[in-house]
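Here are the chains, one letter per residue:
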Amino acid sequence: MAEKYIGIDLNEKYAMISYYAEGMSEPNTFSMVTGSEVYQIPLCIFKRKGTGQWLYGEEAKQSSKEEGSVYVDGLLKKAMAKESVEVEGTVYDATELLFLFLKKILEFPMQAASGQKPDKLVITVEYMNMQLRRLFGLFAEWMELSAERLLLLDYRESFYYYALSQQKELYTHDVVLYYYTSKKLWFWKLNRDKRTVPQVVTMEEQEYEALLKDRDEDFFDIVAQTLTGRIVSSVYLIGDGFDGDWMKKSLAALCRGRRVFMGKNLFCKGACYGAAVKAGQTKWQYLYMGDNEIQVNVSLKVQNNGQTEFVPLITAGENWYEAGAECEVILCETPSVDFWFQPPTSREAVIRSLELSEFPLREDKTTRLRISVKPKAVDKLLFSIRDLGFGEIARSSEKIWEYTISL
């Protein structure tokens, strides 16, 4: 059966939702207005008076005007603040209303999938943090989706997946994106190291204040500053800030020798592409190293049936929120464990030996150790080593050694 993926772009004002399945040339973004490209769904909800019917988006806003009642907006912000909302004398948790909104918009792609739940649900936001991860994890539980089916990305990583899923001529050289909201304008550029396998991809970022005076002239200056001296294959213009017919001089400068695209739904489409990559449905020769990704490979050197092997514990490019591993080994010779740290762009590794102080006196190879590694931050790893003993030959001392290593 074909894998099915749903991507949701969520910010403080709007949501957008895309659907992608094997065999489709690209993800499909759902419009709330039939036959149009109005993809943004206002992040609000409304309950009809005296009924159990809940409306959302533009329909909620319109119905609230007609019925003279207030709709609840800013659902993500309210849920993050753990606010409560009173509707018709009943107090609701804002988190519950956000979940109800998300469930409502999921009805569109789930209908396209014959009512089946997605193999991957991807939620992308401007910045991802632990609080949002917990919130969306609760939503997955509420929808009875296993943790393995939930993928969380920020806009930068969604851009990475989108840009490198296009035709090759669109990313032969540099790819850049301008993301313009009412508050800020961001410039992002993908940097690919073509010498490595897989190619390591990093993101260059610059932030600008909102363009308040002569937007066309100010944006022209930013374009000149960010693109001069660079060979750029494609440019993406994303966000409400680019609405209106104000780009003249700046657009002419952008289009010189480059393909330029403007739209709203790049991030939710990129989320779908990311799901396909994570599920192994797309051949992928890139490794993204963003702000939340671990920068080194961490492995354990062991002997297995007389052969030297490296057991991977942390893989460079893993999101530090999600990374972590556990394994069991038999201790040989000295009471210490060696870990190998290697950046993906280097052949050199740094070896860190963690000593097991006050280790019980035992014969060689009569101790099992349980080793776990879990990031505490993007640049800090917590190593935990537990003495399991060796059955009846050597009882466990219950000792646990913990080390925090900065990368």
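Residues numbered from 1 in each chain as written. Predicted model: local features only at pLDDT ≥ 70, side-chain atom pairs only at ≥ 80, totals over all residues. Heavy atoms only, no water.

S.K.: So what's going on with the overall build of the protein? Residues and values would help.
M.R.: For the protein, the count of helices and strands is 8 helices and 25 strands. Taking the principal axes of its C-alpha atoms as reference, the protein extends roughly 80 × 60 × 45 Å. Here the protein holds 407 residues, and 48% of them are scored as buried. Put simply, 64% of the contacts in the protein that link residues at least 6 apart link residues at least 24 apart. Within the protein, one finds 50 positive and 58 negative side-chain charges whose respective centroids are separated by 2 Å. (Helix = DSSP H or I, 4+ residues; strand = E, 2+ residues; numbered from the N terminus. Buried < 20%, exposed > 50% of the residue type's maximum accessible area, 1.4 Å probe, protein only. Contact = heavy atoms within 4.5 Å. Lys, Arg positive; Asp, Glu negative; His and termini not counted. Charge placed at Lys NZ, Arg CZ, Asp CG, Glu CD.)

S.K.: Describe the packing of aromatic side chains, with residues and values.
M.R.: In this structure the tally under the stated criterion is 36 aromatic pairs. A ring pair is formed by Phe99 and Trp142, whose centres lie 5.7 Å apart and whose planes are at 45°; its orientation type is tilted. In this pair, Phe99 sits in helix H3 (residues 94-112) while Trp142 sits in helix H4 (residues 130-142), placing the two residues 43 residues apart along the sequence. Members of the aromatic cluster, each reached through a chain of ring pairs, are Tyr5, Tyr20, Phe159, Tyr162, Tyr236, Phe261 and Tyr273. Taking NZ or CZ as reference, Lys249 lies 4.3 Å from the ring centre of Phe220, over its face. (Phe/Tyr/Trp six-rings, centres within 6.5 Å; stacked < 30°, edge-to-face > 60°. Lys NZ or Arg CZ within 6 Å of the ring centre and 35° of its normal.)

S.K.: So what about the sheet that holds strand E6 (residues 54-56)? Which residues, and what values?
M.R.: Reading across the sheet, the 3 strands line up as E6-E5-E7 and stay open at both edges, with antiparallel pairing between neighbours. Pairing within the sheet leaves two strands with one partner each, and these edge strands are E6 and strand E7 (72-73). Judged from the 3 bridges that link them, strand E5 (residues 44-47) and E6 form a sheet pairing that is antiparallel. Across the sheet, the residue bridging to Lys47 is Trp54, located in E6. (Pairing = 2+ DSSP bridges.)

S.K.: Describe unusual backbone geometry, listing the residues and the values that go with them.
M.R.: In the segment running from Val197 into Pro198, the intervening peptide bond is cis, with an omega of -5°. By the element assignment, Pro198 lies in the loop between strand E13 (184-193) and strand E14 (199-209). Phi at Lys82 is positive, roughly 55°, even though this residue is not glycine. Following the sequence through the fold, Lys82 ends up in the loop between helix H2 (75-80) and strand E8 (84-87). One non-glycine residue with positive phi stands out, namely Glu88, at about 50°. Along the chain, Glu88 falls in the loop between E8 and strand E9 (90-93).

S.K.: I'd like a rundown of the side chain of Gln166, residues and numbers included.
M.R.: Looking at the element boundaries, Gln166 is found in the loop between helix H5 (155-163) and strand E12 (174-180). In this structure Gln166 comes out as buried when scored by relative accessible area, which is 17%. One polar contact links the side chain of Gln166 to the main-chain carbonyl oxygen of Tyr162, over a distance of 3.0 Å. (Polar contact = N/O pair within 3.5 Å; in protein donor to acceptor, adjacent residues only side chain to side chain.)

S.K.: Tell me about the pattern of salt bridges, and name the residues and values.
M.R.: If you walk through the whole model with that rule in mind, you get 21 salt bridges. Taking the shortest distance from any N to any O, the salt bridge between Glu322 and Arg133 comes out at 3.1 Å. Placement of the pair is Glu322 in the loop between strand E19 (307-314) and strand E20 (325-330) and Arg133 in helix H4, with a sequence separation of 189 residues. Here Glu322 falls in the partly exposed class, since its relative accessible area comes to 42%. What emerges from the salt-bridge pattern is a single network uniting Asp174, Lys189, Glu204 and Arg230. (Salt bridge = Lys/Arg side-chain N within 4 Å of Asp/Glu carboxyl O.)

S.K.: Talk me through the environment of Ser346; I want residue IDs and the actual numbers.
M.R.: Along the polypeptide, Ser346 turns up in the loop between strand E21 (336-342) and strand E22 (350-355). In this structure, the C-alpha to C-alpha distance between Ser346 and Cys268, residues 78 residues apart in sequence, is 34 Å. A polar atom in the side chain of Ser346 sits 2.9 Å from the backbone nitrogen of Glu348.

S.K.: An account of the sheet that holds strand E25 (residues 400-406) is needed here, citing residue identities and associated values.
M.R.: Neighbouring strands of a sheet are bound in pairs by backbone hydrogen bonds; such pairs are parallel or else antiparallel. With antiparallel pairing, 4 strands are arranged side by side in an open sheet as E20-E23-E24-E25. A single partner strand is all that each edge strand has here, and the edge strands are E20 and E25. Taking the axes of each pair of neighbouring strands and ignoring which way they run, one obtains an average angle of 20° across the sheet. Relative to strand E24 (residues 380-389), strand E23 (residues 368-377) runs antiparallel, the two being bridged by 9 bridges. Paired with Arg370 across the strands is Arg386, a residue of E24. (Axes fitted to C-alpha atoms, helices over the stretch in contact; angles between N-to-C directions.)

Function-wise, these values are silent; they only describe arrangement.
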